[in-house]
Amino acid sequence: MAVLRIIVAPDPRLKAVCEPVSEVTEELAGLMKDMLETMYLAPGVGLSAPQVGVTKRLIVVDPARRDSEPQPLMMANPKLVSISQDTKTYEEGCLSFPDHYAEVVRPCKITVSYIDETNEQCEFEAEDLLATCIQHEMDHLDGVLFVDHLSALKRSIILRKLTKSKKRTAAAAE
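About the cut-offs
- Residues numbered from 1 in each chain as written.
- Predicted model: local features only at pLDDT ≥ 70, side-chain atom pairs only at ≥ 80, totals over all residues.
- Heavy atoms only, no water.
- Helix = DSSP H or I, 4+ residues; strand = E, 2+ residues; numbered from the N terminus.
- Rg over C-alpha atoms; globule rule 2.2 N^0.38 Å.
- Areas by Shrake-Rupley, 256 points an atom, 1.4 Å probe, with all protein chains shown as cover.
- Lys, Arg positive; Asp, Glu negative; His and termini not counted.
- Charge placed at Lys NZ, Arg CZ, Asp CG, Glu CD.
- Buried < 20%, exposed > 50% of the residue type's maximum accessible area, 1.4 Å probe, protein only.
- Pairing = 2+ DSSP bridges.
- Phe/Tyr/Trp six-rings, centres within 6.5 Å; stacked < 30°, edge-to-face > 60°.
- Salt bridge = Lys/Arg side-chain N within 4 Å of Asp/Glu carboxyl O.

> Is there a simple way to think about the overall build of the protein chain in this case?
The number of helices and strands found in the protein chain is three helices and seven strands. At 16 Å, the protein chain has a C-alpha radius of gyration in line with the 16 Å of a compact globule built from 174 residues. Dimensions along the principal axes, computed over C-alpha positions, put the protein chain at roughly 45 × 40 × 35 Å. Carbon and sulfur atoms provide 52% of the accessible area of the protein chain, an area that totals close to 9,500 Å². When the 20 basic and 27 acidic side-chain charges of the protein chain are each reduced to a single mean position, those positions are 11 Å apart.

Laid out in C-alpha cells, this is it:
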C-alpha cells in the first residue's frame with residue numbers, strides 16, 4: 001500500500017466532475033486501499049479520488065472512532081437512492097481544507113447504492129455521521145466542496161486563508 005498526496009484547496013482539480021467506473025479492477029481496488037491508508041494517516045473519516053488527483057467516482061469512508069474497530073467502506077459510483085426529509089447539522093471538515101471547519105446541513109438518513117472493492121453491487125441505509133460522510137465525499141465527485149454549502153462570505157474567508165497558507169509554504173520551500 002501507498003500513502004497518496006492529498007490536494008489542498010484552492011486547486012482547480014478539486015472542482016472536476018469525475019468519470020464513472022465501468023468495473024472495479026484490481027488496480028482500482030488497490031487505489032481504494034491506498035486511499036483508506038492515506039485517510040487513516042491524515043487522519044480523516046472520508047476521502048474521495050479527486051482529492052488525490054484521480055477523476056474517478058471512488059470514495060472511501062470510515063466514521064468509526066479512533067479507539068474502535070475500523071469499519072471501512074470503499075465505494076465506486078455511489079448514488080443516492082433516497083434521502084430523508086429530516087436534516088441534521090454537523091461540523092464538517094475536509095482533508096483538502098486543513099484546520100477549517102463549518103456547520104453544514106444535510107439529510108440525516110440516506111440510502112446509497114454503489115459497487116464495492118470486490119466489484120459487487122451493494123445498497124444500504126446510512127444515518128447521522130455515516131450519512132454525512134458519504135454525502136460529503138459524494139459531493140467531491142461532482143466538484144462540490146463542503147465550503148460550497150456555506151455563505152459566500154464564509155467560503156471566501158476560508159479560501160483566502162488557504163491561499164495565504166499555500167503561498168507561505170511555497171515561499172518557505174524555496
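> How do you make sense of the pairing of strand 6 (residues 109–115) when you look at a structure like this?
A regular strand places its side chains so that they alternate between the two faces of the sheet. With six of its seven residues buried, strand 6 lies for the most part within the structure. The pairing of strand 3 (residues 73–83) with strand 6 spans five bridges and is classified as antiparallel. Its bridge partner being in strand 6, Lys-79 is matched across the sheet by Ser-113. Where strand 6 folds back onto strand 7 (residues 121–127) in an antiparallel hairpin, the turn is made up of five residues, including Asn-119, whose phi is positive at roughly 70°.

> Got a minute to help me understand the packing of aromatic side chains in this structure?
The geometry of an aromatic ring pair is captured by the separation of the ring centres together with the interplanar angle, meaning the angle of the planes. Per the counting criterion, the structure on display carries two aromatic pairs. Ring geometry for Phe-97 versus Phe-146: centroids 5.4 Å apart, planes at 85°, classification edge-to-face. Here Phe-97 is found in strand 5 (residues 97–107), whereas its partner Phe-146 is found in the loop between helix 2 (128–141) and helix 3 (152–173), with 49 residues between them in sequence. The pair Phe-97 / Phe-146 is uniform in exposure class, with both members buried. Ring plane angle 85° and centroid distance 6.0 Å describe the contact between Tyr-114 and Phe-124, whose orientation is recorded as edge-to-face. Of the two residues, Tyr-114 is situated in strand 6 and Phe-124 in strand 7; the sequence distance between them amounts to 10 residues. Given the relative accessible area of 7%, Tyr-114 is considered buried.

> What am I meant to see in the pattern of salt bridges here?
Enumeration according to the criterion identifies nine salt bridges in this entry. Linking Asp-148 and Lys-15 is a salt bridge whose minimum nitrogen-to-oxygen distance equals 2.7 Å. One end of the pair, Asp-148, is in the loop between helix 2 and helix 3; the other, Lys-15, is in the segment before helix 1 (26–41), and 133 residues separate them in sequence. Taking the relative accessible area as the measure of exposure, Asp-148 reaches 30% and is therefore partly exposed. With relative accessibility at 42%, the residue Lys-15 sits in the partly exposed group. Between Lys-56 and Glu-19 there is a salt bridge, with the nearest N and O atoms lying 3.4 Å from each other. With a gap of 37 residues between them, Lys-56 in the loop between strand 1 (46–48) and strand 2 (58–61) and Glu-19 in the segment before helix 1 connect regions that are remote in the sequence. Each of Glu-92, Arg-106 and Asp-139 takes part in a single network of salt bridges with overlapping partners.

> I keep staring at unusual backbone geometry and nothing clicks. Help me out?
Most peptide bonds are trans, and most residues other than glycine sit at a negative phi. Geometrically, the link from Ala-9 to Pro-10 is a cis peptide bond, its omega value of -5° lying close to zero. Within the secondary structure, Pro-10 sits in the segment before helix 1. In this structure, Asn-119 is a non-glycine residue whose phi angle is positive, near 70°. The exposure class of Asn-119 is partly exposed, given its relative accessible area of 32%.

That's the geometry; what it means functionally is another story.
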